[in-house]
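Structural description and commentary
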Amino acid sequence: MSTENLPRSPEQPPRKPRVAVVFGGRSSEHGISVVTAGAVLKAIDRTKYDVLPIGITQDGRWALTADEPDRMAISDRRTPSVDQLAESAEGGVVLPVDPASREVVYSEPGSVPKALGEVDVVFPVLHGPYGEDGTLQGLLELSGVPYVGSGVLASAVGQDKEYMKRVFTSFGLKVGPYVVIRPREWEQDEAAARKRIVDFAGEHGWPLFVKPARAGSSIGITKVDDLSGLDEAIAEAQRHDPKILVEAALTGREIECGVLEFEDGPRASLPAEIPPPDTHAYYDFEAKYIDSTPGIVPAPLTGEETEEVRRLAVEAFDAASCEGLVRADFFLTEDGEFVINEINTMPGFTPISMYPQMWQATGVSYPELVDRLVQAALRRPTGLR
């Protein structure tokens, strides 16, 4: 008998893309990552996407967490943690290791593993090592899961301030004077390594900024005004990274610019200026996130200066082979030259962070920003590209 005239069941509507928002992590920027994730979870369009929040604890466990953005805010000058949000103290989330499957599984000791469904794209709002530095990106490449932001190489370059500066210099972007002390140098001849820094100060003058080479959010950074504060600053930087970077202080205005990947390529936002904070020696962690020192958006620059810094921001994005988004930080020196300080491949993304504020001033709202990043990730394949 022919089946042509039999009634057909209505087709199932296509399912919404599933976005796993991954946050927390093992770095010293764990708390800010949780705050960022809360803002993304609030902003993402639930009519357009299904959302799966996954937190990584500070000891590296992947936890299923509550989808409760209001619990992911700074409170009493303290940042939240994944442990406060995890649905279980022992359960773990496992990504697929087979690129043919995007099924995410949750398991607890003594229980049958539970399938959480397929994930179409990961939004990794992790800052610092073990998340922003190419390690998570490599895992997602192996799993065959698309993700928001830069790939393995660009993420690694964007995290390591030494190699970031080397890449920029090779592409003709101007960077400030710096010296790097690697862990082997410090371990083998501490006095010689310290002398290199003192000689650097003799050439470029005090103050110096002593930094962990692979950290962000201004964590572990010390402004050193003279020799008496050097050893303490080195010890503080080494608490976060055995490799340290020492930079000469640059006199000038701090200017930031956001880059976002559109369908036709990367575009730059209107820039912002970070004025010197009244109650802090420089724009440190507390000034950024706790006391919320306001930036000036858009920056009071001439039209020519604005176009120049936007052009340089896109050049930096391309030089490091970035994808998705970048915040590029510059100094505008007294002689009118822009010197690039660094890029962030997953910049602070809270509503008070400069990256979304710059795009808001450029005409892209926070929810649209989140949507554009997810759509850019969905357009890109994993693997070589």
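Residues numbered from 1 in each chain as written. Predicted model: local features only at pLDDT ≥ 70, side-chain atom pairs only at ≥ 80, totals over all residues. Heavy atoms only, no water.

**Quick word on the packing of aromatic side chains**
What counts, and what does not: A pair of aromatic rings is counted whenever rings of Phe, Tyr or Trp (Trp by its six-membered ring) have centres within 6.5 Å, and the orientation is called stacked for planes under 30 degrees apart, edge-to-face for over 60 and tilted otherwise. In this scheme, a residue with accessible area under 20% of its type's maximum is buried, one over 50% is exposed, and one in between is partly exposed, where area comes from a 1.4 Å probe on protein chains only. Numbering of helices and strands starts at the N terminus; helices are DSSP runs of H or I of at least 4 residues and strands are runs of E of at least 2. Two conditions define a charge located above a ring, namely a distance within 6 Å from the ring centre to NZ of Lys or CZ of Arg, and an angle within 35 degrees of the ring normal.
The final tally for this structure, using the stated rule, is five aromatic pairs. Aromatic side chains Phe330 and Phe338 sit 6.1 Å apart centroid to centroid with 80 degrees between the ring planes, which places their arrangement in the edge-to-face category. On the accessibility criterion, Phe330 (2% relative accessible area) is buried. Ring centres 5.4 Å apart and planes at 65 degrees place the aromatic pair Phe349 and Tyr366 in the edge-to-face group. Of this pair, Phe349 sits in the loop between strand 16 (338–344) and helix 11 (354–362) while Tyr366 sits in helix 12 (residues 366–379), placing them 17 residues apart in sequence. The exposure class of Phe349 is buried, given its relative accessible area of 0%. Judged by its relative accessible area of 11%, Tyr366 is buried. Across from the ring centre of Tyr178, 5.6 Å away, lies the NZ or CZ of Lys165, which sits over that ring.

**Side note on the UniProt feature "binding site: Mg(2+) 1" (unreviewed entry) in the protein**
To keep it simple, the criterion reads: UniProt positions are given in the numbering used here, feature names are shortened, and annotations may be inferred rather than shown by experiment. Here, two residues are considered to be in contact whenever any of their heavy atoms come within 4.5 Å of each other.
In this numbering, the UniProt entry assigns the feature "binding site: Mg(2+) 1" (unreviewed entry) to Asp329 and Glu342. Relative to the assigned elements, Asp329 resides in strand 15 (residues 325–333). Filtering out sequence-adjacent residues up to four positions away, Asp329 remains in contact with Ile255, Glu256, Val339, Ile340, Asn341, Glu342 and Asn344. Residue placement: Glu342 occurs in strand 16. Look at Glu342 and you get buried, because its relative accessible area is 13%.

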